[in-house]
Amino acid sequence: MKKTTDLKKAFFARGRVPDCPIYDLHGHMGPSYGLHINRETAAQADTVLKRVGIRLLVFCHHAALMAPDIGNAANIKAVRAFPDRLRAYCGINPNYPDQVKKDVATFDRYTDVYVGFKLLADYHAIPITDPRNEPAWALAEARALPVLLHTWGNSVYDGQTVIRKVAERYTQAKILLGHSCHSCWDEAIQLVKDFPNVYLELCAVMDERGILERFVGELGSERIIFGTDYPWFSHHYYIGTVLGAVISDDDCRNIFYRNAEKILGGVFNAKSLTAK
Amino acid sequence: MKPTFFDANLCFGRPIRTVYQPAKTAADLQRVMAHAGIAKGLVWHVAQRDYAASDGNRLLAKALAGRKNMYGCWVILPPQTDEIITPDFFRRMQRNRIMALRAFPDYHRYLLNRVVFGKFLDEVTERRIPLLLSLEKSSVTWPVVYQILAEFPNLTCILCDIGIWNSDRFTWPLLETYPNVFLETSLLSLEDGGIEETVARYGAERLLFGSNFPERYPEGAMLAIQHAAIPTADKKKIASANLEGLIQGAQL
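Chemist: Whenever I open this one, the pairing of strand β5 (residues 146–152) of chain A confuses me. Can you help?
Modeler: Side chains on a regular strand alternate between the two faces of the sheet. Residue and element names in this part refer to chain A. The element β5 is largely enclosed, with a buried count of six among its seven residues. Pairing between strand β4 (residues 114–119) and β5: three bridges, direction parallel. The residue bridging L119 from the neighbouring strand is L149, located in β5. The pairing of β5 with strand β6 (residues 174–182) spans six bridges and is classified as parallel. Bridge assignment links W152 to a residue of β6, and that residue is H182. Note that the unit made of β5, helix α8 (residues 160–169) and β6 has a crossover that is right-handed.

Chemist: Sorry if this is basic, but what is going on with the environment of A144(A) here?
Modeler: Residue and element names in this part refer to chain A. Tracing the backbone through its elements, the reader meets A144 in the loop between α7 (134–143) and β5. By relative accessible area, A144 is classed as partly exposed at 23%. Along the primary structure A144 and A74 are separated by 70 residues, whereas in three dimensions their C-alpha atoms are 24 Å apart. The contacts of A144, once residues within four sequence positions are left out, are Q172, A173 and K174.

Chemist: Would you mind showing me how to read the nonpolar core here?
Modeler: Residues F117(A), L212(A), F256(A) and L159(B) are the most contacted members of the largest nonpolar core, which totals 199 residues. Ignoring sequence-local partners within four residues, the contact set of L212(A) consists of L202(A), M206(A), I224(A), V242(A), A245(A), I247(A), I255(A) and Y217(B).

Chemist: Help me understand the interface of chain B and chain A, please; the structure alone is not making it clear to me.
Modeler: The figure often quoted for interface size is the accessible area lost as the parts come together. Listed by partner, the interface residues are 35 residues for chain B and 43 residues for chain A. In total, chain B and chain A occlude about 3,500 Å² of area from one another, counting both sides; carbon and sulfur atoms represent 55% of this. Of all residues in chain B, W165(B), D192(B) and Y217(B) bury the most surface against chain A, accounting for 25% of the area lost on that side. The tally of links between chain B and chain A comes to five salt bridges. A salt bridge links D192(B) to R39(A), with the shortest nitrogen-to-oxygen separation between them at 2.8 Å. At the junction of chain B and chain A, the tally comes to 22 residue pairs in polar contact (both at pLDDT 80 or more). Taken together, the elements giving at least two residues each to the side of chain B that touches chain A come down to α1 (26–36), α8 (168–177), α9 (194–202) and α10 (218–226) of chain B. For the side of chain B that touches chain A, the element with the highest residue contribution is α10(B), accounting for seven residues. Tallied by class, the residues present in the side of chain B that touches chain A amount to 15 nonpolar, 10 polar and 10 charged.

Chemist: Would you take a moment to explain the pairing of β4(A) for this structure?
Modeler: Residues and elements named next belong to chain A. With six of its six residues buried, β4 lies for the most part within the structure. Pairing of strand β3 (residues 86–92) with β4, which is carried by five bridges, proceeds in the parallel orientation. Looking at β4, one finds that Y89 is bridged to G116. Between the parallel pair β3 and β4, the chain is carried across by helix α5 (residues 97–105), and the sense of this crossover is right-handed.

Chemist: I would appreciate a short explanation of a nonpolar patch on the surface in the present structure.
Modeler: Among the surface-exposed residues, Y33(A), M66(A), Y123(A) and W165(B) lie close enough to one another that they form a single nonpolar patch of about 410 Å² accessible area. With respect to the secondary-structure elements, M66(A) resides in helix α3 (residues 62–66).

Chemist: Even after reading the chapter, I still don't get helix α12 (residues 249–265) of chain A, so can you show me in this structure?
Modeler: Side chains that are three or four residues apart share a direction in an α-helix, a result of its 3.6 residues per turn. All names here are of chain A. For α12, spanning 17 residues, the distance from its first C-alpha to its last is 23 Å, which sits close to the expected 24 Å at 1.5 Å a residue. Where α12 bends most, at I255, the angle is about 50 degrees. Across the 17 residues of α12, 12 count as buried, placing the element largely inside the fold. Listed in full, the buried residues belonging to α12 are D251, C252, R253, N254, I255, F256, Y257, N259, A260, E261, I263 and L264.

Chemist: Explain the pattern of salt bridges here, please?
Modeler: Two side chains that carry opposite charge are able to pair once their charged atoms sit near each other. Residues and elements named next belong to chain A. Taken as a whole and judged by the stated rule, the model has 25 salt bridges over all chains. Notably, a salt bridge pairs R85 with D46, separated by 3.1 Å at the nearest N-O pair. Of this pair, R85 sits in the loop between α4 (73–81) and β3 while D46 sits in helix α2 (residues 42–52), and the two are 39 residues apart along the sequence. Ionic pairing is found between R143 and D108, a salt bridge with its closest N-O pair at 2.8 Å. With a gap of 35 residues between them, R143 in helix α7 and D108 in the loop between α5 and β4 connect regions that are remote in the sequence.

Chemist: Teacher, can you tell me more about the sheet that holds strand β2 (residues 54–61) of chain A here?
Modeler: The strands making up a sheet associate through backbone hydrogen bonding, with each pair oriented either parallel or antiparallel. Residue and element names in this part refer to chain A. Pairing is parallel in the open sheet, where eight strands are placed in the order β1-β2-β3-β4-β5-β6-β7-β8. Among the strands making up the open sheet, the edge pair consists of β1 (22–29) and β8 (224–225). Relative to strand β7 (residues 198–201), β6 is paired through three bridges, and the arrangement is parallel. Bridging across to β7, L176 finds its partner in Y199. On the sheet, α7 packs against β3, β4, β5 and β6 and is oriented at approximately 140 degrees with respect to β4.

Definitions and limits used
Residues numbered from 1 in each chain as written. Chains lettered and ligands numbered in written order. Predicted model: local features only at pLDDT ≥ 70, side-chain atom pairs only at ≥ 80, totals over all residues. Heavy atoms only, no water. Buried < 20%, exposed > 50% of the residue type's maximum accessible area, 1.4 Å probe, protein only. Helix = DSSP H or I, 4+ residues; strand = E, 2+ residues; numbered from the N terminus. Pairing = 2+ DSSP bridges. Right-handed = clockwise from strand over helix to strand, strands pointing away. Contact = heavy atoms within 4.5 Å. Core = buried A, V, L, I, M, F, W, Y, C linked by side-chain atoms within 4.5 Å. Buried area = accessible area lost by both parts, 1.4 Å probe. Salt bridge = Lys/Arg side-chain N within 4 Å of Asp/Glu carboxyl O. Polar contact = N/O pair within 3.5 Å; in protein donor to acceptor, adjacent residues only side chain to side chain. Nonpolar A, V, L, I, M, F, W, Y, C, P; charged D, E, K, R; others polar. Patch = residues over 30% accessible without salt bridge, like charges linked within 9 Å, V, L, I, M, F, W, Y side chains within 5 Å. Areas by Shrake-Rupley, 256 points an atom, 1.4 Å probe, with all protein chains shown as cover. Expected span 1.5 Å × (residues − 1). Bend = angle between axes of the 7 residues up to and from the residue. Axes fitted to C-alpha atoms, helices over the stretch in contact; angles between N-to-C directions.

What follows is the structure, encoded as structure tokens:
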């Protein structure tokens, strides 16, 4: 057990700590087929983020990933309504390659909205290595943009084998492993050791006590980022789990905001956000 | 305001498959609780599930002796086999600070229904002894929960580990229909807005704090309740008062 730390005490006392902002780099928005979402809208998200002290939520609207007839318009509308705390990943569904090409071609029209791309390969049932994803990867590679991948251990679509292939192919894009190749923790650690542009994201990782301690013990905390799948999951719950892990306050700060600021630094100045 | 936490979902002992730093003994668990800021616990020993309910129940009872901030849950099996449920069952519960029951019907290979548990669960209902059912720990599935509550509608039933994905579509109809159904919050607090929305619809009285240690970090569920957007009085109810009431109300 670690000693109760200043940061833990401060979060428990006040719920938010002004000198320790939180960047959630794995969020969503809107309703979803398999569960009741309590807070679906951007307005509700903005209220929650403000209350909890989240400086920035980077999300991809469920519609952009699951409803091609709505698509990325939902991302654009949400960010433009609440630009102080929201940015989006441009959602890529390679089942619709023409739409992928169009979304990538118009990416620059929405520099106020997008920070990178999101792939949900397990759901789309197309591997992250598939050529239909190439336009997004090519732009991410050229601009060193973040690409948030849903990743799950042993998946043929987004497991460790195909992650390794894209990491070998794209050395400049910032590859964020959503769920950290869940359950294949040793493989996730090895990917970070082998590729300087690969990062581990904590959503669902914190379901299992001890994994974060393993990550930090083997890798340090500079390549680990905070994410929640909001609005699926609660920010306070996830903040509490990171604070409960046997890691230092310095590690927590890296995870909560320092690493995200570096990742986003090439895209926009996150510190310039005016929201309090 | 930091509420006093009374944890409805704590487990100790070394499981058949390893978990990260489990509390091997009740004393270890007390140290974990003290570190996290959990004042009291309703606990069980993992051998009750993994090895044998009979020996596991005995291990638990022995481990709880003299530990005033812990109460136990005994695991039940069908009364017909005489492995657990004997004529002096409730008296033995009282003697050993066992204030609630748990059941693992799938893992222990029986059916949790009126055919098997009719008279016994009628008495459990009458005595207001809580039955804890976990939706994650090889315990029960939602159809089993719905069946047992249809057959014993006044049973005091605490649903634990209610699922990683938001379970409102399963739990809200039960809260609406059965007044003695309660939700343990280790995974409800994982859901964004889970605590707030359930309190708004069904009242704070229906929720009981739980951490699901050792699988989960207690601090996640604790921070989510301590800073939920609900009145302080409701936080106190969820954190400890509701479970205190159920324990005091059980007639052994």
